[in-house]
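Structural features, examined
In case you want the letters, here they are:
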Amino acid sequence: MLRFALLLLSMTALAYARPIVRHIRSTHEFDRLMKKHSTQTGLPVIVDFYSDGCGPCRMIAPIFKKLAQEVGEKAVFVKVDTNALHELSSRYGVRSLPTFKFFLGGRKVNEFSGAGEQQLRQFTKDVIQKAEWENVMLPMENLVSYYGQQDASKTSKDIEKVYKKCVDQVKDDNPDKLCVGAVARNLAKSLKKKYGSGPEFETRFFPEEPSTSEQAGDKKASEGSGSPKKSNKGNADKPNLHLATKEQLLAEIESRLDAERDAQVEEEEDDDAEFEHGWEPSEWPERVTIIGGGPAGLSAAIYAARAGLKPVVVAPPMGGQLQGKGVDVENYPGLFNVTGPAVVSLMRQQAIAYGATFEADVVVGIDASERPMKVKTNSSLIETHSIIVATGAESNWLNVKGEYEMRGGGVSSCATCDGHIYRGKHVLVVGGGDTAMEDALVLARTSESVTVIHRRDTFRASKVLAQRVSEHPSISIKWNTVIAEILGKPLSSDTNDSENVDLDAPAEKVVSGAVLKDVYTGEETKVDVDAVFVAIGHTPTTSFLEGVVEFNPEHAGYVLTQGTSTKTSMPGIFACGDVADSIYRQAITSAGSGAAAALDAERWLSEEGLGNEESDFEAELLADIMANDGRRSAEEYNVYEEAGGRVSGMKESTGAEL
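Let me begin by describing the structure that accompanies this report.

Thresholds, definitions, all that
- Residues numbered from 1 in each chain as written.
- Predicted model: local features only at pLDDT ≥ 70, side-chain atom pairs only at ≥ 80, totals over all residues.
- Heavy atoms only, no water.
- Phe/Tyr/Trp six-rings, centres within 6.5 Å; stacked < 30°, edge-to-face > 60°.
- Helix = DSSP H or I, 4+ residues; strand = E, 2+ residues; numbered from the N terminus.
- Buried < 20%, exposed > 50% of the residue type's maximum accessible area, 1.4 Å probe, protein only.
- Axes fitted to C-alpha atoms, helices over the stretch in contact; angles between N-to-C directions.
- Left-handed = near helix turned anticlockwise from the far one by under 90°.
- Contact = heavy atoms within 4.5 Å.
- Nonpolar A, V, L, I, M, F, W, Y, C, P; charged D, E, K, R; others polar.
- Patch = residues over 30% accessible without salt bridge, like charges linked within 9 Å, V, L, I, M, F, W, Y side chains within 5 Å.
- Areas by Shrake-Rupley, 256 points an atom, 1.4 Å probe, with all protein chains shown as cover.
- Salt bridge = Lys/Arg side-chain N within 4 Å of Asp/Glu carboxyl O.
- Pairing = 2+ DSSP bridges.

Describing the packing of aromatic side chains
- One pass over the full model with this rule turns up 16 aromatic pairs.
- Ring centres of Phe64 and Phe100 lie 5.7 Å apart, and the angle between their planes is 35°; this geometry places the pair in the tilted category. Linking Phe64 in helix H3 (residues 55-71) with Phe100 in strand E4 (residues 99-104), this pair joins segments that are 36 residues apart in sequence.
- When its relative accessible area of 0% is taken as the criterion, Phe64 is described as buried.
- Ring-pair connections join several aromatic residues into one group, and the members of that group are Phe64, Phe77, Phe100, Phe102, Phe112 and Phe123.

This is the structure we're talking about:
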């Protein structure tokens, strides 16, 4: 042990550099980071609790990083993988993903769940303003000086009592026992109200200086300070390791490993690299714009890109329903022992390789009243000649009492996203199709028990999946049953034990049980559960197409296509995947229809004579430059004569020829 300690202590710690977004690898690292920024920098810490299999987490990831770049040194942005760090997600009561928590001085001051950009930006702005407002301290000497001017009758003991009261009221980490932050401001406000003016503040925290500069400065100072102090034991520049206790050695090892980890963070690969290859506005209309980032949209992107159409894919980078599959994709030919997120990632990489670009945003409307058509997103406007709609479908909900209020608090439609949060808990899955079976199998890996609630006496799911669920020892089934109500309890009862949780925050409700109802007898039964996962089907995401294309009269919400093609009632708009398929709704059929949509769009563009306008313009411009200027033909044109016969520096033979 001692040899190992000496080896580590002989290593030189690397310089500290804070990355844009820091990925936390251990509870110790998180606690150390929180302590540092509460006692040394005063910066707010914004934490993204996420999971790689969570679609909304992937959607908000580039926005989180972009916000961190915009904010710069005013806040610290970190990410916590809840799959790897169960202790942290449990400590802070994370029950839905993504969840963002905002800390200041070691205390949680705000939080929300979901992929809301506006909410993230507003809460970030609020916590930064709060940090700047609280970055003050009231030194004892300032308070003494203030009372000396305003109230000379106050004794030193009286002033010390006031100061101690201020220190005791500080909730943040305050190892130096100072009168700081909001408490100091409130004290100054009270004194100003009483005496007409307040005491003078001082800034508590100043911007960090790069540690490399500090080290260089320290080195220069030591070199210019004359003869160094000599120790009784050997060279003063070397630690006396043989005099250190085992505890001191271990503490020093931990400190140096922490320093190395800090330095290595900035060199880590950026896991948001897939969000590169973003679309940039052009003065020319796009030939193909694809709305949707699932199998249908990415398949269309691959085919369109290979055809040289340079498609733009507009979609949050969540990958559709396939992205949320926590079990292996077993029914896609050629793919074996691979998960849904991995399939989506490979499709995306393939589309990028052939020239597709991506706009990570949500489409809110289409204007097809004039050409080129316009695709409107939350933050951009894309002009395009053709559109392929591949937006897939959204989860259906039960619409029972308690469901809406506790979404994010135990009610979820994504077992892959939120399932691991309920490790060792009792959960319900509602549904009888393939999605419900897959969710039940995913949850059975970590949950204490899984109960499947189905309103019929047989499953609609495939035989293989239904059999696996029926035979699984941790899964039970309640036939001919529905959920009548979802019960809840205050979240605060589970989180008061954490010293870092702000007890002044309003209480939230989380799932504590459910009321089950027999569809034949009407008998109701109450069960205690920690989460309810709803998997009762999906509705096509087509609301933005209202008034633009015709819908299938027999299947509400599904786009009507012409015959066996992907053409819609609006020329130039094509539909593929779950938005037009009310029967099969499989990843492989979606991918096939996406390829068909790209082929239909390519054919339609050719028929309409809509080529690459930018290339055509460049060709025409080049032709104009090379055209006859009225004096001679292109064959007679001699650049050297145009230059006035100045041919110095050329070969003599060439000059003689000219």
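Let's pick the thread back up.
Examining the packing of helix H7 (residues 156-169) against helix H8 (residues 181-195)
- In the contact formed by H7 and H8, the axes pass within 8 Å of each other and the chain directions differ by 140°. Of the two possible hands of crossing, H7 and H8 adopt the one that is right-handed. Along the contact surface, H7 presents Val162, Cys166 and Gln169, while H8 presents Val183, Ala184 and Leu187.
- Here the residues of the contact of H7 with H8 are counted per class, giving five nonpolar, one polar and no charged.

So, a nonpolar patch on the surface
- A contiguous nonpolar surface patch, about 530 Å² in accessible area, is contributed by Phe617, Leu621, Leu622, Ile625 and Met626.
- Mapping Leu622 onto the fold places it in helix H19 (residues 613-626).

Remarks on the packing of helix H11 (residues 295-306) against helix H18 (residues 587-607)
- Contact geometry of H11 with H18 gives a least axis separation of 7 Å together with a crossing angle of 35°. The hand of the H11/H18 crossing is right-handed. Contacts between H11 and H18 involve Pro295, Ala296, Ser299, Ala300, Tyr303 and Ala304 from the former and Ala587, Ser590, Ala591, Gly594, Ala595, Ala598 and Leu599 from the latter.
- Of the residues assigned to the contact of H11 with H18, the class counts are ten nonpolar, three polar and no charged.

A look at the pairing of E4
- Of all six residues in E4, six are buried, a share of seventy percent or more.
- Side chains Thr99, Lys101 and Phe103 project from E4 onto one buried face, and the interleaved Phe100, Phe102 and Leu104 project onto a second face that is buried too.
- Here strand E2 (residues 45-50) pairs with E4 via five bridges, running antiparallel. Following the sheet pairing, Val45 is matched in E4 by Phe103.
- Taken together, the six bridges between E4 and strand E5 (residues 107-113) define a ladder with antiparallel strand orientation. Residue pairing for E5: Phe103 is matched across the bridge by Lys108.

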